[in-house]
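# Survey of secondary and tertiary structure
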Amino acid sequence: MGSKPQKIGLITATSLVVGNMIGAGIFLLPASLASFGSISLLGWLFTATGALILAKIFSNMSRILPNISGGPYAYSKAGFGDFIGFLVAWGYWISIWVSNAALVTAIISALSVFFPELETNPILAVSIGLGIIWLLTWINNRGVSASGKFQVVTTILKLAPLVFIILFGLFYFDLDNFPSFNLTGGSSWVALSGAASLTLYAFLGIESASIPAESVETPEKIIPRATMLGTIIATLVYILGTVVLFGILPVDSLQNSPAPFADAGKIIGGEYAGYFVAAGAAISAIGCLNGWILMSGQLPMATAKDNMFPKVFKKENKNGSPYLGLVIGSVLTSVVLLMNYTKGLVDQFTFIANLVVFTALIPYLFVAAAYIIVRIEKKLHFNNAFKTFILGTLGATYAIWAIFGTGSDTVFYGFLLLLAGIPFYVLMQWHKREK
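Given the structure is predicted, the values throughout are model-derived calculations rather than measurements. (Residues numbered from 1 in each chain as written. Predicted model: local features only at pLDDT ≥ 70, side-chain atom pairs only at ≥ 80, totals over all residues. Heavy atoms only, no water.)

Moving on, we get to the side chain of asparagine 100. Looking at the secondary structure, you find asparagine 100 in helix H5 (residues 82-111). Those residues in contact with asparagine 100 that lie beyond four places of it in its chain are Leu289, Trp292, Ile293 and Thr333. (Helix = DSSP H or I, 4+ residues; strand = E, 2+ residues; numbered from the N terminus. Contact = heavy atoms within 4.5 Å.)

Written out as structure tokens, the structure reads:
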């Protein structure tokens, strides 16, 4: 390796967290939440609290294990050993390339505002989708700096319309539009749980800064800061954005809106403002995909460096990019995307997309528990045993609630997906012994 390894700083690391959290979902979520009533704001607060607790755990872990890439995988392994580390990496890696296909469909539907033909012409839609996947894979192959610069730009561009709506929306805010507390007709507790489990997906990605740790400048300082800062920025945008939309759009039109932020934009600044927001939604999903493609190379690379994933995943090009790992991930994403555009396979696509939510949440549970174990093993718990225990327990409890909230099907099939990794683990161990 002739060239100096590329490093990213605080702004880029924070953009990874914000950019990977804020995808396409937030541009639709307020519409789904409106049907619960304003109790859904308490749902946001509940999941935000859980996410901030987990973010704090990831921040603290990145201080204890600063120079180790792999985030959720590395931290789970530090607490529970190789086998659990492998299972977390396996489940998380699959969840990345599957979710990336769902992100591409979100990009295509966001672009169809400008190019309506994308809705009626599946061949065009797939071609654009594949084009975006491979363009971003190429950017990521140029190294973590190139990917990071793209992430910063797209994060700024996606925050612009959301902040615009939040600030200018205040002038159009009317309390008469605000939905009543509970519109579900059921108990408040059930409504709160329902709203909270919808908002949960918006917080996936808090761990993003910890995954490429070895490529971060002074990681013990920057990763914790980026993790907390990124989570707080995203949370504020989510909650304030929802409040403002509740005040701008009457409940009946908000519930049925396919693009509530764009509708609010039209009210504030006419057609152009609506288009500005719609463009923001497309850029948001594209930036999000870029960040997750970065993860799809970094996570298996960290695992392969520990000889727990095939060594093809740790092959780096001159830019220090795990180019084969990136290509493998994007090929798999392309296959899942094609499923969604094949008649008769759309249900399977939806099924797979739901299934990986389980394997994306499992790492949070193990990292929260590993936090307590690692602090005890490294004798760091003496200075504040109580705090360590409370933080870890709250994080683990929240993770269990989140897993429970995904529903019995997701947990059942998601668990089978984890178990499917065991033969691969056995193979990797066998391979190690042979050597």
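After that view, the rundown keeps rolling.
Running from N to C, helix H7 (residues 122-141) and helix H13 (residues 323-340) point in directions that differ by 170°, and their axes come no closer than 10 Å. In this view, H7 runs roughly antiparallel relative to H13, as classed from their interaxial angle. Crossing handedness for the pair H7 and H13: right-handed. Contacts between H7 and H13 involve Val126, Gly129, Leu130, Ile133, Trp134, Thr137, Asn140 and Asn141 from the former and Tyr323, Leu326, Val327, Ser330, Val331, Thr333, Ser334, Leu337 and Leu338 from the latter. Counted by class, the contact of H7 with H13 contains 10 nonpolar, seven polar and no charged residues. (Axes fitted to C-alpha atoms, helices over the stretch in contact; angles between N-to-C directions. Parallel < 35°, antiparallel > 145°, perpendicular 65-115°, else oblique. Left-handed = near helix turned anticlockwise from the far one by under 90°. Nonpolar A, V, L, I, M, F, W, Y, C, P; charged D, E, K, R; others polar.)

Time to look at empty space enclosed by the protein. What the rule picks out here adds up to one cavity of 30 Å³ or more. Computed from the structure, the largest cavity encloses a volume of approximately 70 Å³. The set of elements that each furnish at least two residues to the lining of the largest cavity consists of helix H3 (40-64), helix H14 (346-377) and helix H15 (385-405). Considering every element that reaches the lining of the largest cavity, the biggest residue donor is H15, with three residues. (1 Å grid on protein atoms, 1.4 Å probe; cavity = no way out; pocket = protein on both sides within 12 Å on 5 of 7 lines; lining within 4 Å. Points joined across faces, edges and corners; volume = space filled by probe spheres on them.)

Another point: the environment of valine 190. Mapped onto the elements, valine 190 comes out in helix H9 (residues 188-199). Here the alpha-carbon distance between valine 190 and isoleucine 239, two residues 49 residues apart in the chain, equals 20 Å.

What follows is about the layout of surface pockets. Any space left empty among the atoms is revealed by the rolling of a water-sized probe across them. Its volume calculated, the largest pocket comes out at about 1300 Å³. Looking at the lining of the largest pocket residue by residue, the class counts come to 33 nonpolar, 12 polar and one charged. Roughly 390 Å³ of volume is contained in the second largest pocket. Lining the second largest pocket are 25 residues, and of these Pro5, Ser215, Glu316, Asn319 and Gly320 sit closest to its centre.

Okay, the nonpolar core next. In this structure, Ile22, Trp44, Ile57, Met61, Ile165 and Tyr238 are the most contacted members of the largest nonpolar core, which totals 135 residues. For isoleucine 22, the residues in contact, after removing those within four places along its chain, are Lys158, Leu159, Leu162, Ala234, Val237, Tyr238, Ser284 and Cys288. (Core = buried A, V, L, I, M, F, W, Y, C linked by side-chain atoms within 4.5 Å. Buried < 20%, exposed > 50% of the residue type's maximum accessible area, 1.4 Å probe, protein only.)

On to the pattern of salt bridges. Inspection of every chain in the model, using the stated rule, returns four salt bridges. Residues lysine 77 and aspartate 306 are paired through a salt bridge, measuring 3.6 Å at the closest nitrogen-oxygen approach. Here aspartate 306 lies in the loop between helix H12 (260-305) and H13 and lysine 77 lies in helix H4 (residues 72-80), a separation of 229 residues in the sequence. We classify lysine 77 as partly exposed; its relative accessible area is 23%. The residue aspartate 82 makes a salt bridge to lysine 432 at a minimum N-O spacing of 3.9 Å. You can see aspartate 82 sitting in helix H5 and its partner lysine 432 sitting in helix H17 (residues 422-434), a full 350 residues away along the chain. Beyond isolated ion pairs, a larger network of salt bridges with shared partners links Glu214, Lys305 and Glu316. (Salt bridge = Lys/Arg side-chain N within 4 Å of Asp/Glu carboxyl O.)

What follows deals with a positive patch on the surface. Residues Lys56, Arg63, Lys221, Arg225 and Lys387 make up a contiguous surface patch of positive charge. For the positive patch, the elements supplying multiple residues, two or more each, are H3 and helix H10 (219-248). Along the polypeptide, lysine 56 turns up in helix H3. (Patch = residues over 30% accessible without salt bridge, like charges linked within 9 Å, V, L, I, M, F, W, Y side chains within 5 Å. Areas by Shrake-Rupley, 256 points an atom, 1.4 Å probe, with all protein chains shown as cover. Lys, Arg positive; Asp, Glu negative; His and termini not counted. Charge placed at Lys NZ, Arg CZ, Asp CG, Glu CD.)

What follows deals with a nonpolar patch on the surface. Judged by side-chain polarity, Val163, Leu167, Phe168, Phe171, Tyr172 and Ile267 come together as a nonpolar surface patch covering roughly 610 Å² of accessible area. Within the secondary structure layout, phenylalanine 168 lies in helix H8 (residues 144-169).

What follows covers unusual backbone geometry. Not every positive phi belongs to a glycine, and threonine 218 is a case in point at roughly 25°. With respect to the helices and strands, threonine 218 occurs in the loop between H9 and H10. With a relative accessible area of 40%, threonine 218 lands in the partly exposed category. Even without being glycine, asparagine 307 reaches a positive phi, approximately 60°. Tracing the backbone shows asparagine 307 in the loop between H12 and H13. For asparagine 307, a relative accessible area of 35% puts it in the partly exposed group.

A word on the packing of aromatic side chains. For the structure shown, the criterion picks out 27 aromatic pairs. Ring centres of phenylalanine 58 and tyrosine 75 lie 5.8 Å apart, and the angle between their planes is 50°; on these two criteria the pair is classed as tilted. With phenylalanine 58 in helix H3 and tyrosine 75 in helix H4, this residue pair connects regions lying 17 residues apart in the sequence. Its relative accessible area of 0% is what places tyrosine 75 among the buried residues. Residues phenylalanine 309 and phenylalanine 313 carry aromatic rings whose centres are separated by 5.6 Å and whose planes lie at 55° to one another, so their mutual orientation is tilted. Taken as a pair, phenylalanine 309 and phenylalanine 313 share a single burial class, namely buried. Ring pairs connect the aromatic residues Phe83, Phe86, Trp90, Trp93, Trp97, Phe309, Phe313, Phe424 and Tyr425, which therefore count as one cluster. (Phe/Tyr/Trp six-rings, centres within 6.5 Å; stacked < 30°, edge-to-face > 60°.)

That is the geometry; function is a separate question.
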